[in-house]
Amino acid sequence: MTGTIRNFFASGNTARGYTSLLSSSLQGIQSLMIVDGSPGSGHSNLIREIGSEVSALGHELWIFHTASDPDDIDGWVAPELSTGMITGDAFRGMSADEIGADIQFINLDDTCIDRERLRPLQSEIDRLTLSIRQSHQKAYAGFAEALRIHDEWEALYNEHMDFQAADELASEYTKLLLGDQSLKKQGRMDHRFLGAATPKGAVDYVPNLTEGLKRYLVKGRAGSGKSTMLKKIVASAEERGFDVEVYHCGFDPNSLDMVIVREPGFAIFDSTAPHEYFPDRPDDEIVDTYARCVQPGTDEQHAEALSGFKQRYAAQMKASTQHLTDAKLQLDQLKQLIAPLVDAVKVNEIKDALQREVIGITQKS
């Protein structure tokens, strides 16, 4: 029987630059395989195929999707096996001491790429690599500008907020979701992203992550207290010893977009654009922060200013997303250059060896 698969982003292209929360998902991992390689070397497909085999054996799998190409993955973790496999790119910026696992490094470039045929292409590879980096930097700068516009947007609603009502709403839902429960253990906190800015636009896996849970869909406006309420729920759940999945905003990682606590069985999430959902399950409920916490008539009174914020923000996000699309096109060109130089037979040999190693871990569990 196939194990449960949970899909999410552990890193993202944000208004604060490239941001990784991956180390949080690696806590407790005892065995970590890091498979590196040039774009087009097949390392990501290798990781995906071995993960699929682990899932097919009935083990839960967390799959980390790649923000710069959501059809690709940064790796996976099998939490029950305390085992994971990630790309070299995903590991960069972390250290072995930070992870605290037995780490094995495998670089496909060392044995699977024809260096002689690669050498004449090096200048073009360097050009494309630089161009990809520059496109990402332009995207980050654009997202930062969009965040400044969003902050202005939020400030308008802040001026018309009833903060006492917001505090009461947060307390009400903390009580509703957690009751008087406390667990006699230290809870685990997992930090992830609800979604990500990608070359395809905003992408998320909310339906997958919230499957089987009681869902609370938070509606409201920018600056109407959605993230603050979620932070208060997180703090209370952590204090009581629950395991908490904290999903940060893929645009501004300092903001929260979703909280999942599986022990009592609930998910509460910001259900406004770009991850807008409506009740489609029998027990879904809406939490409306605008109706509860913002002075009536605010939208109507400031319609012109709000329309201006919306248009400026949308235009900036569109331009920034185009830079991600440009980077993806350049990455595809880089893969097309390198892929013909890869010895597929050797890649499969490495994959088979790693798969046998992982299967050995599953048999010991």
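For the structure itself, look to the data block above.
Residues numbered from 1 in each chain as written. Predicted model: local features only at pLDDT ≥ 70, side-chain atom pairs only at ≥ 80, totals over all residues. Heavy atoms only, no water.

**Student:** What should I look at first to understand the packing of helix α8 (residues 163–178) against helix α10 (residues 226–239) in this one?
**Tutor:** Axis angle and axis distance: for two packed helices, these are the angle between their axes and the distance between the axes, and together they describe the pair. Between α8 and α10, whose axes approach to 9 Å, the crossing angle comes to 40°. One element, α8, and the other, α10, form an angle in the oblique class. Pair α8 / α10 crosses with right-handed handedness. Contacts from D167, L169, A170, T174, L177 and L178 in α8 reach M229, K232, I233, S236 and A237 in α10. Class assignment for the residues of the contact of α8 with α10 results in seven nonpolar, two polar and two charged. (Axes fitted to C-alpha atoms, helices over the stretch in contact; angles between N-to-C directions. Helix = DSSP H or I, 4+ residues; strand = E, 2+ residues; numbered from the N terminus. Parallel < 35°, antiparallel > 145°, perpendicular 65-115°, else oblique. Left-handed = near helix turned anticlockwise from the far one by under 90°. Contact = heavy atoms within 4.5 Å. Nonpolar A, V, L, I, M, F, W, Y, C, P; charged D, E, K, R; others polar.)

**Student:** How do you make sense of the packing of helix α7 (residues 122–158) against helix α13 (residues 303–338) when you look at a structure like this?
**Tutor:** The N-to-C vectors of α7 and α13 enclose an angle of 165°; their axes lie 8 Å apart at closest approach. The angle between the axes of α7 and α13 places the two elements in the roughly antiparallel class. As α7 runs across α13, the sense of the crossing is left-handed. Counted by class, the contact of α7 with α13 contains 21 nonpolar, 12 polar and eight charged residues.

**Student:** Help me out: how do you make sense of the pattern of salt bridges in this one?
**Tutor:** Once their charged atoms are close, side chains differing in charge can pair, the charge on each being opposite to the other. In this structure the tally under the stated criterion is 26 salt bridges. Residue K185 is joined to D243 by a salt bridge in which the shortest nitrogen-to-oxygen separation is 3.0 Å. On the criterion of sequence distance, the pair formed by K185 in the loop between α8 and β9 (189–193) and D243 in the loop between α10 and β13 (244–248) is long-range, its members being 58 residues apart. With its nearest N and O atoms 2.8 Å apart, the salt bridge here joins E285 to K214. Highlighted residues: E285 in strand β16 (residues 285–288) and K214 in strand β12 (residues 214–219), separated in sequence by 71 residues. Each member of the salt-bridge network shares a partner with another, and the members are D36, D89 and R92. (Salt bridge = Lys/Arg side-chain N within 4 Å of Asp/Glu carboxyl O.)

**Student:** Sorry, what's going on with the environment of E152 here?
**Tutor:** Within the secondary structure, E152 is located in helix α7. Sequence-distant contacts of E152, that is, excluding residues within four places in its chain, are made with F309 and R312. A polar side-chain atom of E152 sits 3.4 Å from a polar atom in the side chain of R312. (Polar contact = N/O pair within 3.5 Å; in protein donor to acceptor, adjacent residues only side chain to side chain.)

**Student:** Looking at this model, I keep getting lost on helix α14 (residues 344–364). Mind explaining?
**Tutor:** Because the α-helix completes a turn every 3.6 residues, residues three or four places apart line up on one side. With 21 residues, α14 extends 30 Å between its outermost C-alpha atoms, agreeing within 8% with the 30 Å of an ideal straight helix rising 1.5 Å per residue. Every buried residue belonging to α14 is among V347, I350, K351, L354, V358, I359 and T362, and all of these are buried. In this structure, the buried residues of α14 make contact with β4 (31–36), α2 (43–56), β6 (69–78), β7 (83–87), β8 (102–107) and α5 (108–112). (Expected span 1.5 Å × (residues − 1). Buried < 20%, exposed > 50% of the residue type's maximum accessible area, 1.4 Å probe, protein only.)

**Student:** Please clarify how the nonpolar core should be interpreted in this entry.
**Tutor:** Nonpolar side chains in soluble globular proteins tend to end up buried together. Among the nonpolar cores identified, the biggest contains 45 residues, and F143, M229, V244, F251, V259, F266 and I268 are the most heavily contacted of them. Among the elements that make up this core, the one with the highest residue count is α7 (eight residues). For M229, the residues in contact, after removing those within four places along its chain, are L169, A170, V218, I268 and V287. Of all hydrophobic cores here, the second largest spans 31 residues; its members include I50, I63, L81 and L331. (Core = buried A, V, L, I, M, F, W, Y, C linked by side-chain atoms within 4.5 Å.)

**Student:** What exactly am I supposed to notice about the packing of aromatic side chains here?
**Tutor:** Aromatic rings considered in pairs are described by the distance between their centres and by the relative angle of their planes. For the structure shown, the criterion picks out nine aromatic pairs. Consider the rings of F8 and F64, whose centres lie 5.5 Å apart with planes at 65°: the pair is edge-to-face. Taken together, the residues span a long stretch of sequence, with F8 in strand β1 (residues 5–9) and F64 in strand β5 (residues 61–66) at a distance of 56 residues. Looking at F8, the relative accessible area reads 0%, which means it is buried. Look at F9 and Y205: their rings are 5.5 Å apart centre to centre, the planes differ by 40°, and that puts the pair in the tilted class. With F9 in strand β1 and Y205 in the loop between β11 (201–204) and α9 (206–209), the pair connects residues that are 196 residues apart, well separated along the chain. Of the two residues examined, F9 and Y205, each falls in the buried class. Each residue in the set F8, W62 and F64 is aromatic and connected to the rest through ring pairs, giving one cluster. Cation over ring: K214 sits above Y216, and NZ or CZ is 5.2 Å from the ring centre. Between the NZ or CZ atom of K219 and the centre of the ring of F278, over which it lies, the distance is 4.0 Å. (Phe/Tyr/Trp six-rings, centres within 6.5 Å; stacked < 30°, edge-to-face > 60°. Lys NZ or Arg CZ within 6 Å of the ring centre and 35° of its normal.)

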